[in-house]
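Reading the structure
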Amino acid sequence: QVQLVESGGGLVQPGGSLGLSCAASGSISSFYVMGWYRQAPGKERELVARITSGGTTNYADSVKGRFTISRDNAKNTVYLQMNSLKAEDTAVYYCKADWFSRPSVWGQGTRVTVSS
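This report concerns the structure included in the present document. Throughout this document, residue positions are counted from 1 along each chain, in the order its sequence is written. Owing to the predicted nature of the model, reporting of local features is limited to residues with pLDDT of at least 70; listing and counting of side-chain atom pairs is limited to 80 or more, with chain, interface and lining totals taken over all residues. Remark: hydrogens and water are excluded; side-chain values derive from all non-hydrogen atoms of the structure.

1. Overview of the packing of aromatic side chains
Each aromatic ring pair is described using two quantities: the centre-to-centre distance and the angle formed by the ring planes. Think of it this way: a Phe, Tyr or Trp ring, Trp meaning its six-membered ring, pairs with another when their centres are within 6.5 Å, and the plane angle makes it stacked under 30 degrees, edge-to-face over 60, tilted otherwise. Throughout the structure, instances matching the rule amount to three aromatic pairs. Ring geometry for Y94 against W106: centres 6.4 Å apart, planes inclined by 85°, an arrangement best described as edge-to-face. Of this pair, Y94 sits in strand β9 (residues 91-98) while W106 sits in strand β10 (residues 105-106), placing them 12 residues apart in sequence. Residue classification places Y94 among the buried residues on the basis of a relative accessible area of 13%. Placement of a charge over a ring requires the Lys NZ or Arg CZ to be within 6 Å of the ring centre, with the centre-to-atom vector within 35 degrees of the ring normal. One cation-aromatic arrangement involves R45 over Y94; the distance from NZ or CZ to the ring centre is 3.7 Å. Over the aromatic face of W99 sits the side chain of R102, whose NZ or CZ is 4.0 Å from the ring centroid. Here a strand is any run of E in DSSP of at least two residues, a helix any run of H or I of at least four, and the numbering for each starts at the N terminus. Accessibility here uses a 1.4 Å probe with only protein chains present; expressed as a share of the type maximum, an area under 20% marks a residue as buried, one over 50% as exposed, and anything in between as partly exposed.

See the structure below:
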C-alpha cells in the first residue's frame with residue numbers, strides 16, 4: 001500500500017532548471033530501485049533515470065550529464081534535478097518504485113513543459 005506523489009513540475013524556459021520530488025507514503029519497505037520516467041505527447045513512456053537502494057544510478061542517454069537523480073530514505077523521497085532543459089524534455093514525469101517481490105508502484109505524474 002505504497003503511494004507515490006510527484007511534485008515540482010511546471011513551465012520552464014529552455015536552458016533552465018527544474019527540480020522534481022517524489023514522496024512515498026504507506027506500507028513502505030526498502031525499495032530496490034526508484035526511477036523517473038516520462039511520457040511526451042504521442043510517445044511511449046521512457047526511462048529517464050533510476051537509482052538503486054545502494055545509490056547506483058542509471059540515466060537515459062538523452063539526459064545524461066543534465067539530470068541528476070538522488071534519494072533521501074529518511075524522508076522517503078526521491079528527487080530529479082533537471083538542468084539545461086530542452087524543449088524535447090517536455091513530458092509528464094512519473095516516479096516508479098520497484099521491489100524484488102511485489103508489484104511496482106507508479107505515481108500520478110507531474111507535468112513539465114519546456115518552452116520559451
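2. Looking at the pattern of salt bridges
By convention in these notes, a salt bridge is any Lys or Arg side-chain nitrogen within 4 Å of a carboxyl oxygen on Asp or Glu. This structure, assessed with the given rule, holds four salt bridges. Between D89 and R38 there is a salt bridge; the shortest N-O distance is 2.8 Å. Residue D89 is found in the loop between β8 (77-82) and β9, and its partner R38 is found in strand β4 (residues 33-39); the two are separated by 51 residues along the sequence. Across the pair, exposure class does not vary: D89 and R38 are buried alike. Through salt bridges with shared partners, a single network forms among R38, E46, R66 and D89.

3. Overview of the pairing of strand β3 (residues 18-26)
In this sheet, β3 lies alongside strand β1 (residues 2-7) in antiparallel orientation, the contact comprising six bridges. Note that in β3 the partner of V2 across the bridge is G26. Pairs of strands are assigned from DSSP output, requiring at least two bridges between the strands. Of the strand pairs in this sheet, β3 and β8 are connected by six bridges, and their pairing is antiparallel. Directly across from S21, in β8, lies its bridge partner Y79.

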